[in-house]
Protein chains: 2
Amino acid sequence: MSQQLDLLFYSLSDQTRRDILRRLTLKELTVSQIAKPYKISLAAVSKHLKVLEKAKLIGRRRDGKNHIIHAEPKTLIKIDSWIEFYKQYWNESFDQLNTYLTTVGDTKNET
Amino acid sequence: MSQQLDLLFYSLSDQTRRDILRRLTLKELTVSQIAKPYKISLAAVSKHLKVLEKAKLIGRRRDGKNHIIHAEPKTLIKIDSWIEFYKQYWNESFDQLNTYLTTVGDTKNET
DNA sequence: AGAATAGTTTACCAATTGGTTAAATGAGTC
DNA sequence: GACTCATTTAACCAATTGGTAAACTATTCT
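Keep in mind that what you see is a predicted model, and the values were worked out from it rather than measured. (Residues numbered from 1 in each chain as written. Chains lettered and ligands numbered in written order. Predicted model: local features only at pLDDT ≥ 70, side-chain atom pairs only at ≥ 80, totals over all residues. Heavy atoms only, no water.)

### Quick notes on helix α5 (residues 77–90) of chain B
For step 1, the next point in the chain: The terminal C-alpha atoms of α5(B), which comprises 14 residues, lie 19 Å apart, in line with the 20 Å expected from a rise of 1.5 Å per residue.
For step 2, the next point in the chain: Of all the residues in α5(B), the buried ones are Ile79(B), Asp80(B), Trp82(B), Ile83(B), Tyr86(B), Tyr89(B) and Trp90(B). (Helix = DSSP H or I, 4+ residues; strand = E, 2+ residues; numbered from the N terminus. Expected span 1.5 Å × (residues − 1). Buried < 20%, exposed > 50% of the residue type's maximum accessible area, 1.4 Å probe, protein only.)

As structure tokens, then:
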């Protein structure tokens, strides 16, 4: 249950993995294509992909010797709904200001 | 820059830290009050708090010997805006269905 | 000053991480 | 079958993690 969220957040806590995910969202790519821009080894990229895959942020199909990797951005919905709860709080100060204005009166001519 | 996102996501990749954050959002608490429900040591909780503090998900003020900890839920806005980019993609299939219906005609009597 | 309370910091431990290189698998090609 | 090409897996390493217990710091109380 929350193990899935652990995995999700953990996957996204690495800049390289976030970058991979972003690129995959725009276009599916093979493992080699994914690896090209980074200075780390192909094996390291393979490991990053496994992390993302475990979190279900990406999926893969096979085409001959190539593994074609695609993003599963809808998995991020889970984070979005997790954050949902906090949204009512993060503009608290703004809301308090509103409440204040309403109480005091937000028009200037009330006499 | 993205170091801040690393910290944020990393902080949230732990169930205990997420739970602490949730409780703090509802009500500010001292370190001991935070620690009470968990079976881990106070020192361990203190470390979790440091992680959350570094990510700016919580803040603290001092009241005598007590450290009073509060949530900073607005920090989560950063994750929310990060996710924003992906939202246009995660309902892709749904959008494709819409496009299809519009193309074919979504009313049944067009002859 | 001395004792109690609330937290933090230090030193340690086992497990995990991100990285490496080298060996192993899998799938097309000669 | 032998040879590449694409990728994964294995063995290793240094650094970091979440946890502990014990020592330390800061504040209040007597």
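### A short note on the protein's contact with DNA strand D
For step 1, the next point in the chain: Surveying the vicinity of DNA strand D reveals 24 residues, the closest of which are Ser32(A), Arg60(A), Tyr10(B), Lys47(B) and His48(B).
For step 2, the next point in the chain: In DNA strand D, atoms within 4 Å of the protein come 78% from sugar and phosphate.
For step 3, the next point in the chain: Lys50(A) places a side-chain nitrogen or oxygen 3.4 Å from a phosphate oxygen of DNA strand D.
For step 4, the next point in the chain: Take Ser41(B): an N or O atom from its main chain is 2.7 Å from a phosphate oxygen of DNA strand D.
For step 5, the next point in the chain: The greatest single-element share of the surface near DNA strand D, amounting to 5 residues, is contributed by helix α4 (residues 42–54) of chain A.
For step 6, the next point in the chain: Of the residues belonging to the surface near DNA strand D, the class tally is 7 nonpolar, 8 polar and 9 charged. (Near = heavy atom within 4 Å. Polar contact = N/O pair within 3.5 Å; in protein donor to acceptor, adjacent residues only side chain to side chain. Nonpolar A, V, L, I, M, F, W, Y, C, P; charged D, E, K, R; others polar.)

### Some thoughts on the sheet that holds strand β3 (residues 66–71) of chain A
All names here are of chain A.
For step 1, the next point in the chain: Read from one edge to the other, the open sheet built from 3 strands follows the order β1-β3-β2, with strand pairing classed as antiparallel. The outermost strands of the open sheet, each flanked by one partner alone, are β1 (29–30) and β2 (58–63).
For step 2, the next point in the chain: Direction of pairing for β1 relative to β3: antiparallel, over a ladder of 2 bridges. Within β3, the residue paired with threonine 30 across the bridge is isoleucine 68.
For step 3, the next point in the chain: Contacts from helix α2 (residues 15–26) reach β1, β2 and β3, with the element oriented near 90° to β3.
For step 4, the next point in the chain: Against the sheet, α4 engages β2 and β3, with an angle of about 120° to β2. (Pairing = 2+ DSSP bridges. Contact = heavy atoms within 4.5 Å. Axes fitted to C-alpha atoms, helices over the stretch in contact; angles between N-to-C directions.)

### Here's the deal with the packing of aromatic side chains
For step 1, the next point in the chain: The final tally for this structure, using the stated rule, is 9 aromatic pairs over all chains.
For step 2, the next point in the chain: With a centroid separation of 4.8 Å and 45° between ring planes, the pair formed by Trp82(A) and Tyr86(A) is classed as tilted. Of this pair, Trp82(A) and Tyr86(A) both sit in helix α5 (residues 77–90), separated by 4 residues, roughly a single helical turn. Both residues of the pair, Trp82(A) and Tyr86(A), belong to the buried class.
For step 3, the next point in the chain: An aromatic cluster is present here, built from Phe9(A), Trp82(A), Phe85(A), Tyr86(A), Tyr89(A), Phe9(B), Trp82(B), Phe85(B), Tyr86(B) and Tyr89(B) joined pairwise through their rings. (Phe/Tyr/Trp six-rings, centres within 6.5 Å; stacked < 30°, edge-to-face > 60°.)

### Focus on the protein's contact with DNA strand C
For step 1, the next point in the chain: Lining the immediate environment of DNA strand C, one finds 24 residues, of which Tyr10(A), Lys47(A), His48(A), Ser32(B) and Arg60(B) sit closest.
For step 2, the next point in the chain: Tyr10(A) is positioned such that a nitrogen or oxygen atom in its side chain is 2.3 Å from a sugar or linking oxygen of DNA strand C.
For step 3, the next point in the chain: Contact distances for DNA strand C include 3.4 Å between a sugar or linking oxygen and a side-chain N or O atom of Asn66(B).
For step 4, the next point in the chain: Broken down by secondary-structure element, the contributors of at least two residues to the surface near DNA strand C are α4 of chain A together with α3 (31–35), α4 (42–54) and β3 (66–71) of chain B.
For step 5, the next point in the chain: Tallied by class, residues from the surface near DNA strand C come to 7 nonpolar, 8 polar and 9 charged.

### Focus on the pattern of salt bridges
For step 1, the next point in the chain: As enumerated under the stated definition, the model contains 14 salt bridges over all chains in all.
For step 2, the next point in the chain: As a salt-bridge pair, Asp80(A) and Lys87(B) come within 3.5 Å of each other at their nearest N and O atoms. With one member in each of two chains, Asp80(A) in helix α5 and Lys87(B) in helix α5 form a pair that bridges those chains.
For step 3, the next point in the chain: One network of salt bridges, in which partners are shared, links Asp80(A), Glu84(B) and Lys87(B). (Salt bridge = Lys/Arg side-chain N within 4 Å of Asp/Glu carboxyl O.)

### A short note on the relation of the copies chain B and chain A
For step 1, the next point in the chain: Mapping chain B onto chain A calls for a screw motion: a turn of 180° about the axis and a shift of 0.0 Å along it, with 0.0 Å RMSD after fitting. In short, the pair behaves as if placed about a two-fold rotation axis.
For step 2, the next point in the chain: Interface overlap between copies is the fraction of interface residues in one copy that are interface residues in the other; for chain B against chain A it reaches 100%, indicating a shared surface. (Least-squares fit on C-alpha atoms with pLDDT ≥ 70 in both.)

### Points about the sheet that holds strand β2 (residues 58–63) of chain B
Residue and element names in this part refer to chain B.
For step 1, the next point in the chain: One open sheet accounts for 3 strands, arranged β1-β3-β2; its pairing is antiparallel. Two strands lie at the open edges of the sheet, namely β1 (29–30) and β2, each paired on one side alone.
For step 2, the next point in the chain: With 6 bridges joining them, β2 and β3 adopt antiparallel strand pairing. In the sheet register, aspartate 63 faces β3, and the bridge partner there is asparagine 66.
For step 3, the next point in the chain: Packing against the sheet, helix α2 (residues 15–26) makes contact with β1, β2 and β3, and its axis sits at approximately 90° to β3.

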